[in-house]
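These are the residues of each chain, in order.
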Amino acid sequence: MSAQFRTFPTDPVALLSRRFCRHGSAIVSRNERQMLSAVWQDPEQTRASLTARMELTQQSVHRLLSTLHEDGMILFGPLVPPKRKGKPSPRLLLNPRFGCALGVSLDTDRVGVACMDFAGGHVTRQFSIAGDSVEAVLNRIDEAFDALLAQARFRREDAVGVGCAIAGYLMKNGRYNPPEPLKHWSEVDLARRVSERFRLPCWTDNNANTAALCEAMFGLGRSYRNLVYLSFNYGFGAGIISEGDLLHGAFGNAGEIGMIFTPEEAESRPALGLLLAHLRRAGHDVRSIEEIGAAIGRVPDEVAVWADRVAPQLNRVINAVTAVADPECIVFGGQIPRPLAQAFIDRAEFFARPRHGHINPLPELEISTLGGETPAVGAACLPLRALLF
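What counts and how
Residues numbered from 1 in each chain as written. Predicted model: local features only at pLDDT ≥ 70, side-chain atom pairs only at ≥ 80, totals over all residues. Heavy atoms only, no water. Helix = DSSP H or I, 4+ residues; strand = E, 2+ residues; numbered from the N terminus. Rg over C-alpha atoms; globule rule 2.2 N^0.38 Å. Contact = heavy atoms within 4.5 Å. Areas by Shrake-Rupley, 256 points an atom, 1.4 Å probe, with all protein chains shown as cover. Lys, Arg positive; Asp, Glu negative; His and termini not counted. Charge placed at Lys NZ, Arg CZ, Asp CG, Glu CD. Salt bridge = Lys/Arg side-chain N within 4 Å of Asp/Glu carboxyl O. Buried < 20%, exposed > 50% of the residue type's maximum accessible area, 1.4 Å probe, protein only. Pairing = 2+ DSSP bridges. Axes fitted to C-alpha atoms, helices over the stretch in contact; angles between N-to-C directions. Expected span 1.5 Å × (residues − 1). Parallel < 35°, antiparallel > 145°, perpendicular 65-115°, else oblique. Left-handed = near helix turned anticlockwise from the far one by under 90°. Nonpolar A, V, L, I, M, F, W, Y, C, P; charged D, E, K, R; others polar.

Caption draft 1: Seen up close, the overall build of the protein. Within the protein, the regular secondary structure consists of 11 helices and 15 strands. Rg of the C-alpha trace for the protein: 22 Å, near the compact-globule value of 21 Å for 389 residues, within the 12% margin. The C-alpha extent of the protein, read off along each of the three principal axes, is 70 × 60 × 40 Å. Long-range contacts, defined as pairs at least 24 residues apart, comprise 67% of the intrachain contacts of the protein with a sequence gap of at least 6. Total accessible area on the protein is roughly 18,100 Å²; 50% of this is exposed by carbon and sulfur atoms. Within the protein, one finds 42 positive and 42 negative side-chain charges whose respective centroids are separated by 7 Å.

Structure (structure tokens):
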């Protein structure tokens, strides 16, 4: 379990139903965790290919896989012929019915909710909020959990935990400091409150990180092991994926790219909340981030003016993350409409210059195709990764 995640309780196994535990302690051993992770990352994994990559004897691998099979985590699929000599080997599959995890993403004007099965299949819902109280939002999340669990044919006791993402950075006291519309959530010990409300262990992170995690597991991360996910929402943040893993940093705030702007520049950063304010000042009736996509078609010139204004700050971010993280890909994601993301890419400029006739490798600029409740789906990954993968 990563120490970077804010988790409650400290010992999450204490809240898990008995069928998820072995002898009242860890669900899986270190070697079993490696196996489950390998099967997750490679859907074509066979028992023979897994044996070849593990630093264990064939007998040990077969024994551990048999245990995972008996526990209901692994399924043995059809036999796959070997690429060279040898006997056919069964394909390894994660059992989607072993259990599930729940995910929540709190943004300034909406909440996304997800239910993910053990093999990564997921269903989602969302609802709008506008300054609603913490208790009112938790009640609606509870209703959404019931609906999603029923849709996915799970019970509450089938859930291993809740992942909860929120816009904002992590403070030293373990709480999050979100944007103004979510200010009242800064007074909440999020992991403790969610865990106690739903009687499940809870892992928290910011929603740029969980969106990046979702991208790594289901989107462009299938092609790029190293990427930076730019999350365009009411605010503007990033998540950094290094060799397939989420980078948190010493204080849990790696990717908090708003820190590179001066106070004056911060008013011209590419945050959709600032675009919303810009359009309102120009006399356009755009009431929420979700309405920006339609507004682009109605007032393209006004949006283009704003895109030109914030392009220098965005280019600084693109070059900063290129220099520091050295990603293969920079993903434009969050709630940004595709036409605006493309407009930003068209305005992108790398500052790297040739030296001795050569230029250093530069990342691809891509638009996320996941859409939907990406941060909530990523949040649902947190319990599975912490406990099992």
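Caption draft 2: Local environment of the pattern of salt bridges. According to the stated counting rule, one finds 17 salt bridges in the structure shown. A salt bridge links Arg91 to Glu44, with the nearest nitrogen and oxygen atoms 3.7 Å apart. Of this pair, Arg91 sits in strand β3 (residues 89-94) while Glu44 sits in the loop between α1 (30-41) and α2 (47-53), and the two are 47 residues apart along the sequence. Here Glu44 falls in the exposed class, since its relative accessible area comes to 55%. Overlapping salt bridges bring together Glu135, Asp142, Asp146, Arg156, Arg193 and Arg197 as one network.

Caption draft 3: Highlighting the sheet that holds strand β1 (residues 6-8). Read across the sheet, six strands follow the order β1-β10-β7-β4-β5-β6 without closing on themselves; strand pairing throughout is mixed. Because the sheet does not close on itself, it has two edges, and the strands there are β1 and β6 (122-128). Averaged over all pairs of adjacent strands, the angle between their axes in this sheet comes to 15°, without regard to strand direction. Where strand β4 (residues 100-106) lies against strand β7 (residues 159-166), six bridges are found, and the strand directions are parallel. Each bridged residue has a counterpart across the sheet, and for Gly103 the counterpart in β7 is Gly163. Taken strand by strand, helix α11 (residues 374-387) contacts β4, β5 (110-117), β6, β7 and β10 (202-206), and its axis lies near 135° from that of β4.

Caption draft 4: Structural view of the pairing of strand β11 (residues 227-232). Counting buried positions along β11 gives six out of six residues, so the element sits mostly inside the fold. Burial along β11 is two-sided: Leu227, Tyr229 and Ser231 facing one way and Val228, Leu230 and Phe232 facing the other are all buried. Two successive antiparallel strands, β11 and strand β12 (residues 236-242), enclose a turn made up of three residues. Pairing of β11 with strand β14 (residues 329-334), which is carried by six bridges, proceeds in the parallel orientation. From the neighbouring strand, Tyr229 faces β14, where its bridge partner is Val331.

Caption draft 5: Expanded view of α1. With 12 residues, α1 extends 17 Å between its outermost C-alpha atoms, agreeing within 8% with the 16 Å of an ideal straight helix rising 1.5 Å per residue. By the burial criterion, the buried members of α1 are Glu32, Met35, Leu36, Ser37, Ala38, Val39 and Trp40. Among the structural elements, α2, α3 (58-70), β2 (74-80), β3, β5 and α6 (207-218) are those in contact with the buried residues of α1.

Caption draft 6: Inspection of the packing of helix α4 (residues 134-152) against helix α5 (residues 190-198) at higher detail. Where α4 contacts α5, the axes come no closer than 11 Å and their chain directions differ by 50°. Looking at the two axes, α4 sits oblique to α5. For the element pair α4 and α5, the recorded crossing hand is right-handed. In this structure, α4 uses Val134, Glu135, Leu138, Asn139, Ile141, Asp142 and Phe145 to contact α5, whose residues at the interface are Arg193, Val194, Arg197 and Phe198. For the contact of α4 with α5, the residue count by class is six nonpolar, one polar and four charged.

Purely geometric numbers; function is a separate question.
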